[in-house]
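Coordinate inspection notes
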Amino acid sequence: MPGLSSTAVAHPHVWATVRAEMVFGPDHKMTGIRHAWTFDEFYSAMAVQGLDADGDGVYSKEELDPLAKVNVDSLKEFAYFTFVRAAGNDKFLPLEPPEDYSIDYDGTAITLHFTLPLKTAVDPGTKAVTVDVYDPSFFVAFGFAEKAPVKVSGAPAEGCTATMETPDREVAEAAKALSESFFSQLGPGSDYGSQFAQTVTVQCATQ
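For clarity, every value in this text was computed on a predicted model and none was experimentally measured.

Before going further, it helps to examine unusual backbone geometry. A positive phi angle, close to 50 degrees, is found at D100, a residue other than glycine. With respect to the secondary-structure elements, D100 resides in strand β4 (residues 99-105). D100 gets classed as exposed once you look at its relative accessible area, which sits at 64%. Positive phi outside glycine occurs at A148, with the angle close to 50 degrees. Take A148: it is sitting in the loop between β7 (140-144) and β8 (150-153).

Here we come to the confidence of the model for the protein chain. Counting all residues, the mean pLDDT for the protein chain is 84, and 81% of those residues have values of 70 or more. Within the protein chain, the lowest mean pLDDT, 58, falls on helix α3 (residues 169-175), and the highest, 97, falls on strand β2 (residues 30-39). When the criterion is pLDDT under 50, residues 3-9 qualifies, and its contacts beyond four places in sequence or with other chains add up to 16 contacts.

This brings us to helix α2 (residues 61-75). Look at α2: 20 Å from first C-alpha to last across 15 residues, which is about the 21 Å you get at 1.5 Å a residue. Burial in α2 covers these residues: E63, L64, L67, A68, N71, V72, S74 and L75. One side of α2 holds all its buried residues, which, seen down the axis, span an arc of 160 degrees.

Reading the values: rules and limits
Every chain is numbered independently, its residues counted from 1 as its sequence is written. pLDDT decides what is reported in this predicted model: residues at 70 or higher carry local features, side-chain atom pairs at 80 or more are listed and counted, and totals for whole chains, interfaces and linings draw on all residues regardless. Water and hydrogen atoms were dropped before computing side-chain values, which therefore reflect all heavy atoms in the structure. What counts as a helix is a DSSP run of H or I of at least four residues, what counts as a strand is a run of E of at least two, and both are numbered from the N terminus. Buried, partly exposed and exposed residues are distinguished by accessible area as a fraction of the type maximum, computed with a 1.4 Å probe on protein chains only: under 20%, between the cut-offs, and over 50%, respectively. The predictor rates its confidence in each residue with pLDDT, a number between 0 and 100. Residue contacts are counted whenever heavy atoms from the two residues lie within 4.5 Å of one another. Take the residue count of a helix, subtract one, and multiply by 1.5 Å to get its expected span. Working definition: the arc comes from the directions between the helix axis and the C-beta atoms, pointing outward to the latter.

As structure tokens, then:
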């Protein structure tokens, strides 16, 4: 994402509040995740600099569309910070490139909206599906919203639930004491940020 490398002096550098919608198709299978990520005020102000082309103080959709495209294009390098798998399987399910992306700016914070389709739809009635949203390097700190963090859309009539498991508070507190040099030594394959992930588990009643 643009500008992430120059925003602060200690990890994490950017904070994002997550709301996620688990999307189901007509065959009662989960087809993707619809994200809404609201970024912190500091990063948001930096991201919109120079985008008010007509100087009217209002950031129109047309002015924000290039920022939305740059952001979703750059997400591919980071696996979209979204990790989906069937319960009991360590292998992540492949995702398609983002669709229906846009950015809103309320004068304080930007919110990036996009849909991540699963390459192959999955049935959470057969096996629960877990969804983690995190930055492996912990450069960006993702946390689900306190109110209405997750919802399910188009689920079968029998009902599906999306429950969330929060990370260990002690682990999160310990990370605050780590130096920037610790993070600079993490290799590209590091998965350090996974321990801060809030795991969403989607489970549907079997027919």
